[in-house]
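Summary of the model geometry
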Amino acid sequence: MSAVQLTPKDLKSDQEVRWCPGCGDYAILNATQAALAEIGVPREKMTIISGIGCSSRFPYYMGCYGFHGIHGRAAAIATGTKTANPDLSVWVVTGDGDAMSIGGNHLIHTMRRNVDLKILMFNNQIYGLTKGQYSPTSPAGLKTKTSPFGSVDLPFNPINLALGSGATFVARTVDTNPKHIKSTLLAAAAHKGVAFVEIWQNCVIFNDGAWKDWSTKDARAERTIDLQPGQPLVYGKDNEKGLRISGGEVEVVAAADADVWDPTTAAPLAYVMAYLDEREDLPHALGIFRQHDKPTYDAAVKEQVDALTAKKGKGDLKKLIYTKDAWQVG
Amino acid sequence: MSIAVTRQDDVVIRFAGDSGDGMQITGNQFTDTTALVGNDLATFPDFPAEIRAPAGTRAGVSGFQIRFSSTDIYTAGDIPDVLVAMNAAALIVNYKDVAPGGIIIANTGNFTERDLQKAKLATNPLEDGTLDGYRVIAIDINARVTEALAGSPLTSKDVLRCKNFYVLGLMYWLYSRPLEPTLEWLAAKFAKKQDLADANRTALRAGYNSGDIHEVFQGRYEVVPVENALPGTYRNIMGNHAVALGLVAGAELAGLKLFLGSYPITPATDILQHLAELKEFGVITCQMEDEIAGICTAIGASYAGMLGCTTTSGPGLALKTEAIGLAIMTELPLVIVDVQRAGPSTGLPTKVEQADLLQSLFGRNSDAPLPIIACATPADAFDCAVEACRIAVQYMTPVILLSDNYIANGAEPWRLPEMDKLPHFPAAQVTDPAGYAPYARDGKLARPWAVPGTPGLEHRIGGLEKEHITGNVSHNPENHQLMSELRRDKVLGVRDTIPTPEVSGPREADLLVVGWGSTYGAIRSGTERLRRERNVSVAHLHLRHLWPLANGLDEIFARYKQILVPELNMGQLSRLLQGEYPDHRFLHYGKVKGKPFTAREIREKITAVLEGKS
Ligand code: SF4
């Protein structure tokens, strides 16, 4: 693929962007346009495929090919598109309800197959388009229109689900940090295989501040840690604190004693980082949890077709129909 | 000693045994050999409902019926002339269907006390008078096979598993068929297992020779080849296989590569299996996580420029419903194959019914029209699959192709198409940005197909209502009305490219029998015979296109005093026709027993209607 240089403007469509003012989706859209402009893929080879929900209106605002699908099915549609033409750069945009509730089956199977898709899951812990019902990532106890006395559902941990499904690239970013979104998406684009990126997103109308304990600038420094390949596990305003994993436990240490993060490791450390979400005393992890190299589904399908075609010769319809056991009459 | 050979024109044999007895293989071998002899034929496999019903029980009985003839035939026959019963359960389940005076060959080796118990029989039907009036040939096939294979390195259990080839040999002798095709098949099948190949060959020959040696039969029969068969090249084909070949051909005739997104479901799975073999045709098959993913990948592949296709049966079609609506809204080509089976919910998965017509027509939210075609016979399934591809590509629309269990697993000789006479319908994928609009329309009202990867045509589609021409999302009331009408009219426009079907029989008559799908054979042979033998004033109209209905049907209906619509359902085509042609009266004749119509049932119904008794 020749190196193509685009500007974010090239990736804007002529459609007016219509999310609620203050919605986290705007920042994600801008950062995505900035990232995709730099991945070296021409516009016509980029395809954005979405499901249903606020986030799924994303394709209309992108100046490339786009397919706004049906609820939960974006990953399946995208699997067909990518497998039919592996030359395309195919991005799935979905939300927590779309991907993890109605589309849960497609999501886990797409990840285990390692289809070379980039899946961006906007997690706002709420159903926004239908105006505020609890979602499969809402914390237990959340009061919504359908859980007026608090939700009794226990939520998914999206990162754990992705890791457990065998996704080869698993990352998390947040709508309040466009630079981090961009670098995360660039890493996802560079990964050959499925990339699952959870994006903490604020729904200003129906679940405002769901992430505020971790997502504001100050909170980020103290309460999140950025997992970056080859970088030490440090956090804090001045990166003064560090994490060390020993005996399956995570302990806070001085920055100098922190472990160095390696998302390519076969050791189950990514799961440990995902479980930080359940710890009040430890930072929640952002960044790249896992980055493994495995054969991709779309390439494997194509390889079989190519190999069999090379071995048997291009299929001849007449020979397929006129078989040896045919007989002649008259 | 020579045994007289009598000529017969038309024979029906039913092989029945335990699921483990290899009756389907026996039936298929007899079928392939019979095809090579040059008879016309039709088959009807009857699988047990339970996968592993206990051996020897009635629930575990597997059957295979073949009818072969010196003349053209349309069905697998109503009444077996010969029943081969490999055990007591197979006998008791099947003997009542046999023609009076017909031959019943029973394997006495499997009529022990225990076998009778498993078949829930208090007394042995071979001895208690049950079979009075039949010509019973009782042979201990277990013992004969064991004798024939004395000295074989196989275990005694494996030796007994060769008994189906012994029976096959015996039937080859009885109907004067050559052994060579099966001997060759065995050699290829067991190329790496010489012991098995040898044992089955020996069993086959022993069965054949026993006809001469043991004088169990008073005579042999022969069924000579069809004389006036249409000249051409023929092969034997089953319906699911024909659909697979038709889809490959259809894609090639459209200049596209085929993509199949599917999920295993009885009785459609064979299509996925056949297509998975054909990688060298560029066919991509994806076995997905569920029915919905099956169709959604196909839609995604069509979006990317392949010919997307999905295969399923009724319950799967129900699951695909919403995605079909998406394909209608995004106006992408897509072929949906529904191999119908019996009953709502899981129903009777291995039995036949044609009750998904109304689901195909109306089973979606809102007004969501699409073309529907149905195949009549296994060979017709090839042409119908090609036709489904043509309509999908030319009209940028999903198309439902209806087959059913009877067609899927039934076989018949297929007169192969002349390759240069197959229709060509190259898909027009646009590349020129000048004047491009995603929802502009051509003379057929089809929108242009612009696939990702084409520079300058970047656009967005989706399930939200589209603005006419631009394809932008639109909530405009007038636009929704217009787009709904355009979707309807586009599909109705398909009738401009389909022929008015031809009536078989008199141009005007007392009764017209209208059918669709796999009832074709029973209706055709029932009506022909009534005309031939009793000069009954009856004609047959078969509908391949169920939506839109062809032009000219109204004029046809007007020429007949009464119209009868037999269907394997509770009234679906009859309801459709009654709504579309309210000036005529359509009399429904339904059957929902998981079994096809017999020609006799059709004849009796016609007679009753004409006598004013129904
Ligand atoms: S409802 Fe919430 S998620 Fe949806 S656009 Fe408005 S703020 Fe954004």
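One structure accompanies this document, and this report is about it. Fair warning: this is a prediction, and the values are worked out from it, not measured in the lab. (Residues numbered from 1 in each chain as written. Chains lettered and ligands numbered in written order. Predicted model: local features only at pLDDT ≥ 70, side-chain atom pairs only at ≥ 80, totals over all residues. Heavy atoms only, no water.)

1. Quick look at the nonpolar core
Residue and element names in this part refer to chain B. Worth spelling out the cut-off: The definition of a nonpolar core used throughout is a set of buried Ala, Val, Leu, Ile, Met, Phe, Trp, Tyr and Cys residues joined through side-chain atoms within 4.5 Å. For the exposure calls, accessible area comes from a 1.4 Å probe over protein chains only, and a residue counts as buried if that area is under 20% of its type's maximum, exposed if over 50%, partly exposed in between. Here a strand is any run of E in DSSP of at least two residues, a helix any run of H or I of at least four, and the numbering for each starts at the N terminus. The domain limits used here are those given by an automatic or database domain assignment. Throughout, a contact is declared for two residues whenever any of their heavy atoms are within 4.5 Å.
Of all hydrophobic cores here, the largest spans 167 residues; its most connected members are Leu 247, Leu 275, Val 514, Phe 557, Leu 573 and Leu 577. It is helix 14 (residues 380-395) that provides the largest number of residues to this core, a total of 11 residues. Domain assignment of the residues forming this core places at least three in each of domain 2 (235-421) and domain 3 (509-610). If we ignore the near neighbours within four places in the chain, the residues touching Leu 247 are Leu 258, Ile 271, Leu 275, Cys 309, Val 335, Val 337, Ala 385 and Cys 389. One finds Ile 13, Leu 186, Ala 206 and Tyr 234 within the second-largest nonpolar core, a separate group that totals 52 residues.

2. Some remarks on the environment of Arg113(A)
Topologically, Arg113(A) is positioned in helix 4 (residues 104-113). Sequence separation between Arg113(A) and Ala210(A) is 97 residues, and the spatial gap between their C-alpha atoms is 32 Å.

3. A look at the pattern of salt bridges
Opposite charge on two side chains makes pairing possible when the charged atoms of those side chains draw close. Filter applied, for reference: Salt bridges are defined by distance alone: a side-chain nitrogen of Lys or Arg within 4 Å of a carboxyl oxygen of Asp or Glu.
Applying the stated criterion across every chain yields a total of 35 salt bridges over all chains. The closest approach of N and O atoms between Arg279(A) and Asp281(A), which form a salt bridge, is 3.1 Å. The salt bridge involving Glu604(B) is made with Arg600(B); its shortest N-O contact spans 3.5 Å. Taken together, the residues Glu604(B) and Arg600(B), both in helix 20 (residues 599-610) and 4 residues apart, mark about one turn of the helix. According to the relative accessible area criterion, Glu604(B) is partly exposed, its value standing at 46%. Here Arg600(B) falls in the partly exposed class, since its relative accessible area comes to 39%.

4. Here's the deal with the site of the ligand
As a reminder, the rule being used: We call a residue near a molecule or strand as soon as one heavy atom of that residue lies within 4 Å of the molecule or strand. Throughout, the ten residues Ala, Val, Leu, Ile, Met, Phe, Trp, Tyr, Cys and Pro are labelled nonpolar, Asp, Glu, Lys and Arg are labelled charged, and all others, Gly among them, are labelled polar.
Neighbouring the ligand are the residues Trp19(A), Cys20(A), Cys23(A), Cys54(A), Asn124(A), Gly128(A), Gln201(A), Cys203(A), Val204(A), Ile205(A) and Phe206(A). When its residues are assigned to classes, the shell around the ligand shows 8 nonpolar, 3 polar and no charged.

5. Topic: the packing of helix 6 (residues 163-174) of chain B against helix 7 (residues 180-189) of chain B
All names here are of chain B. Formally: Fitted lines through C-alpha atoms serve as axes, helices being fitted only where they are in contact, and the angles separating the N-to-C directions of these axes extend from 0 to 180 degrees. When an angle is under 35 degrees it counts as roughly parallel; over 145 it counts as roughly antiparallel; between 65 and 115 it counts as roughly perpendicular; any other value is oblique.
Interaxial distance between helix 6 and helix 7 falls to 11 Å at its minimum, and their mutual angle equals 155°. Taken together, the axes of helix 6 and helix 7 are roughly antiparallel relative to one another. Along its contact with helix 6, which presents Phe 165, Leu 168 and Tyr 172, the element helix 7 presents Thr 182, Trp 185 and Leu 186. Within the contact of helix 6 with helix 7, the residues separate by chemical class into 5 nonpolar, 1 polar and no charged.

6. Focus: the packing of aromatic side chains
For clarity, the cut-off: Only Phe, Tyr and Trp rings are paired, with Trp represented by its six-membered ring, and only when their centres lie within 6.5 Å; those with planes under 30 degrees apart are stacked, over 60 edge-to-face, the remainder tilted. The criterion for a charge sitting over a ring is simple: Lys NZ or Arg CZ within 6 Å of the ring centre, and within 35 degrees of the ring normal.
Under the counting rule described, the total for this entry stands at 23 aromatic pairs over all chains. Here Phe165(B) and Trp185(B) contribute two aromatic rings whose centre-to-centre distance is 6.3 Å and whose plane-to-plane angle is 25°, an arrangement assigned as stacked. Of this pair, Phe165(B) sits in helix 6 while Trp185(B) sits in helix 7; the two residues are 20 residues apart in sequence, bridging distant segments of the chain. Of the residues examined, Phe165(B) reaches a relative accessible area of 5% and is grouped as buried. For Trp185(B), a relative accessible area of 28% corresponds to the partly exposed category. With a centroid separation of 5.8 Å and an interplanar angle of 35°, the aromatic rings of Trp173(B) and Phe217(B) are classed as tilted. Of this pair, Trp173(B) sits in helix 6 while Phe217(B) sits in the loop between helix 8 (194-214) and strand 8 (220-222), and the two are 44 residues apart along the sequence. By the burial criterion, Trp173(B) is buried, and Phe217(B) matches it. Of the aromatic side chains, those joined through ring pairs into one cluster are Phe15(B), Phe30(B), Phe68(B), Tyr172(B), Tyr175(B) and Tyr221(B). The ring of Tyr322(A) carries the charged tip of Lys318(A) above its face, separated from the ring centre by 5.0 Å. For the cation-ring pair, Arg447(B) lies above Tyr439(B), with the distance from its terminal atom to the ring centre recorded as 4.8 Å.

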